[in-house]
Amino acid sequence: MMTQSVLWVLLGLLLQPESGTASLPLLMDSVIQALGEMEKKVPEAAMRPKTTSWLLLAQDKGPHDSLHHFLREAQGFKDSELNPYLLSPELQGLMKKVAQHGVLRGQEYGVVLAPDGSTVAVQPLLAGLEAGLQGRRVVSLPLNSTEPPSDVGVTIPDVRVALPGHGIATSGVTSLNVEAISPDTKVLPPTSVDSLLVVTLARDLGLTFLQHPEAQSQLGLGTEGCWDQLNAPQTFTLLDPKASPLTTAFLNGALDGALLGDYLSRTPEPRPPLSLLLSQYYRAGVAQDPVLRSNFRRQNGAVLISAQVLAQQVWGALILLQRLEPTHPHLQGMSQDQLAHVASNATKEFIEAFLECPAILPRCRWNAAPYRGQPVRLKLPLGFLYVHHTYIPAPPCTTFNCCVANMLSMQRYHQDTHGWDDIGYSFVVGSDGYVYEGRGWFNVGAHTRGYNSRGFGVAIVGNYTADLPTEAALRIVRDELPRCALRSGYLRPDYKMLGHRQLVNTECPGDALFNLLRTWPRFTPDMKPRTARRASWRSRREPSQILTASGPK
C-alpha cells in the first residue's frame, strides 16, 4: 500500500501552515519530484490502507466539497489518521501553490507545465489518482439519506472499453467513435455514480453549466493560455480573459486523472510508484506503451468514456449534490428533467468543443518570434484546406522538444531567409499528437501562392515522398482539425481538401501522402490553378512557395 500512503502523506502536507516561499518552477517534473521524495521518506512500517482520502480534505475549496467528503466517508476514512512526513520547504510551497485550481482576472492557478508541452491542472489529476487507488467505487442511486451508503462496492463501472494490457487507444484507430448526444437526446436516468468520473470531470462539468445555463456553448470551454516563461514558469495567463474554469489545463488534468485512475484501478498490487507512473505518462508512455501517454489523452478519453455514460455521471453528480446540499443556490428547486438537460448540454459541449478537437498548442508554447508587420485578416469561413509536408525537416517529430525545434527552424527560415512576415503555414501537425499554431485561424498565410486567402495551409512535419505520416497525424488533418473548424465556423460546410501540388508547381505534399489524400472524402480532383491574370494583387506579390528546404515544397 506504499503508493496510497505516499499520496496521502504528500497531500496531507497541504493542510500544514505555509513555511517559506515557493521558488520552484511550476513544472510537472517538480510535482513528480515531490512524489519521489515522499516515496523515499515513508518507511514500510507507516504503510496503512485507505490513507489517500486526505487528498479530498486538502482540496477543500467551495460548497461542493461535500461530495468529496461524502465519497471519502463512504470508504470509512477518519481524519485522525493524518500524520504527514515533511517535504523540503520548497516542495511544500510548490504543492500548496498547485493544490487548488482556479481562474481569477485572466490568470489560471493550480496548473503546471508538463514535459509534453501541455499545461495540466494538478487538482483533478491527483483526485483521479486517489480514486483509482481506492478501487474506483460505485455509489448506487437514489440515496435515501446523506449518510454514507452501506452497499458501496469495488465494482468497476461499465465504461466504454478496457483493453488488454491497459492500452486504451491504438495507432490504428481511425476515428474517435464517440456517439453523438444533443440536448434533445434522451439521457437514461443514472442508477449509480462512478467516484472516478465524478471527482475528475463530471462534477465540475455539471456545476459549470448549471451556473451558466444561458451561456451553453459560449462558456469559453477549453481556453488555452501562455506561461510567463517556459524554462521556469510561474504565471499562466489565459488567452481569453472571460474563460470558464473548464480551461484546457483543467480538462487535461481531469482526463489524465481519469485515465491514470482507471489504469491504477485495474493494476494489481504492487502498483507502480506514482512518481514513476507520472514520469512515464508525460513522456514515452506508461509501461512502455507509447499510446498511453499524455499526448493522446483526448483520443484515449474518447475511448474510455462514452457520451451516454458521461451524461449519466454528470446528472448523477448533480443528484448527489442536490441531496447533500438542499440549499445549494444553483440546485435548489431544480427538477430531474432540468438536471438531465444540464447534463446533456454539458456533455455535448465537452465532447464537441474539446474531445473531438485536436490539441492545438498556441504560438507562445513553442516560443514563436513576433509577427513582422501587420497581419491581413482572413474572411471566414473559408472553402479549402491545403495539405502540405514540410519536406525539411524530413524526419517526423515525435516529441515536444523536437517539434518545437522544428517550428523555430522553419520560422527562422521563412522570416530571415525569405523575408516573410512569419512562418507560412496556418498550422503544423507533429507526430507527437499535437497541432502547432502558425498563422492560425484568422490571419492570411504564405503557404499556397495565389490561394492563401481562400484556404488554410496545414503541414505535417516530415518528407512524405515515399513514406506516410503516423495514423495520429493523418487523423488530425483528415478528421479532427476540419471537424473543429466546421463547428467554429472557420470552414464552410462544403469545404474541399487539396494537395499543394494541385495549385502550385511543386511535389508537395509528397507522392505517398498525395496518393492517400486522393482517397479522402473531401478531396477534390478537378481543381485547376488560377491563371496569373486572375490572381489577386497581393497574391502576385507573395514570395514563391517553391522552396528547397524548410518550407512548402
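Please refer to the structure higher up on the page.
The rules behind these values
- Residues numbered from 1 in each chain as written.
- Predicted model: local features only at pLDDT ≥ 70, side-chain atom pairs only at ≥ 80, totals over all residues.
- Heavy atoms only, no water.
- Core = buried A, V, L, I, M, F, W, Y, C linked by side-chain atoms within 4.5 Å.
- Buried < 20%, exposed > 50% of the residue type's maximum accessible area, 1.4 Å probe, protein only.
- Helix = DSSP H or I, 4+ residues; strand = E, 2+ residues; numbered from the N terminus.
- Contact = heavy atoms within 4.5 Å.
- Salt bridge = Lys/Arg side-chain N within 4 Å of Asp/Glu carboxyl O.
- Disulfide = S-S within 2.5 Å.
- Phe/Tyr/Trp six-rings, centres within 6.5 Å; stacked < 30°, edge-to-face > 60°.
- Lys NZ or Arg CZ within 6 Å of the ring centre and 35° of its normal.
- Expected span 1.5 Å × (residues − 1).

Asks: So what's going on with the nonpolar core? Which residues, and what values?
Replies: Within the largest apolar cluster, 88 residues are counted, with the highest numbers of intra-cluster contacts made by Met28, Leu205 and Phe350. Here this core takes twelve residues from helix α11 (residues 307–324), the largest share from any one element. Setting aside chain neighbours within four positions, we find Met28 in contact with Val112, Leu113, Ala114, Pro115, Val120, Leu125 and Tyr282. If you look at the next biggest cluster of nonpolar residues, it comprises 28 residues, including Ile460, Ala473, Leu481 and Phe523.

Asks: Describe the pattern of salt bridges, listing the residues and the values that go with them.
Replies: Applying the stated rule across the entire model yields 18 salt bridges. A salt bridge links Glu352 to Lys348, with the shortest nitrogen-to-oxygen separation between them at 3.1 Å. Remark: Lys348 and Glu352 occur in helix α12 (residues 336–355); sequence separation between them is four residues, near one turn of the helix. The exposure class of Lys348 is partly exposed, given its relative accessible area of 23%. Glu349 is the salt-bridge partner of Arg487, the closest N and O atoms lying 2.6 Å from each other. Residue Arg487 is found in helix α14 (residues 471–488), and its partner Glu349 is found in helix α12; the two are separated by 138 residues along the sequence. On the basis of relative accessible area, Arg487 is assigned to the partly exposed category, the value being 36%. Of the residues examined, Glu349 reaches a relative accessible area of 8% and is grouped as buried.

Asks: Let's hear about the state of the cysteines: which residues, and what values?
Replies: Within the structure shown, the criterion is met by three disulfides. A sulfur-sulfur separation of 2.0 Å characterises the disulfide bridge that pairs Cys226 with Cys364. Sign of the S-S torsion, about -90 degrees for the bond between Cys226 and Cys364, identifies this disulfide as left-handed. Of this pair, Cys226 sits in strand β7 (residues 225–227) while Cys364 is found in the loop between β9 (360–361) and β10 (382–389), placing the two residues 138 residues apart along the sequence. Residue class for Cys364 comes out partly exposed when judged on its relative accessible area of 25%. A sulfur-sulfur separation of 2.2 Å characterises the disulfide bridge that pairs Cys357 with Cys484. Sign of the S-S torsion, about 95 degrees for the bond between Cys357 and Cys484, identifies this disulfide as right-handed. Separated by 127 residues along the polypeptide, Cys357 in the loop between α12 and β9 and Cys484 in helix α14 bring together distant segments of the chain. Taken in N- to C-terminal order, the disulfide-linked cysteines of the protein chain are connected 1-3, 2-6, 4-5. Of the cysteine sulfurs around Cys402, a residue in no disulfide, the closest is that of Cys397, at 5.2 Å.

Asks: Which residues make up the packing of aromatic side chains, and what are the values?
Replies: Evaluation of the coordinates by the stated rule reveals nine aromatic pairs. Note on Phe442 and Tyr490: the rings are 5.4 Å apart at their centroids and 85 degrees apart in plane angle, and the pair reads as edge-to-face. Of this pair, Phe442 sits in the loop between β12 (435–437) and β13 (455–460) while Tyr490 sits in the loop between α14 and β14 (491–499), placing them 48 residues apart in sequence. For Phe442, a relative accessible area of 36% translates into the label partly exposed. Residue classification places Tyr490 among the buried residues on the basis of a relative accessible area of 17%. Through a chain of ring-to-ring contacts, three or more aromatic side chains come together here, namely Phe427, Trp441, Phe442, Phe456 and Tyr490. Cation over ring: Arg298 sits above Phe354, and NZ or CZ is 3.8 Å from the ring centre. The cationic tip of Arg478 hangs over the ring face of Trp520; the distance from NZ or CZ to the ring centre is 5.7 Å.

Asks: Any chance you could break down helix α8 (residues 248–266) for me, citing the residues and the numbers?
Replies: For α8, spanning 19 residues, the distance from its first C-alpha to its last is 27 Å, which sits close to the expected 27 Å at 1.5 Å a residue. With respect to burial, α8 is a largely interior element, 18 of its 19 residues being buried.

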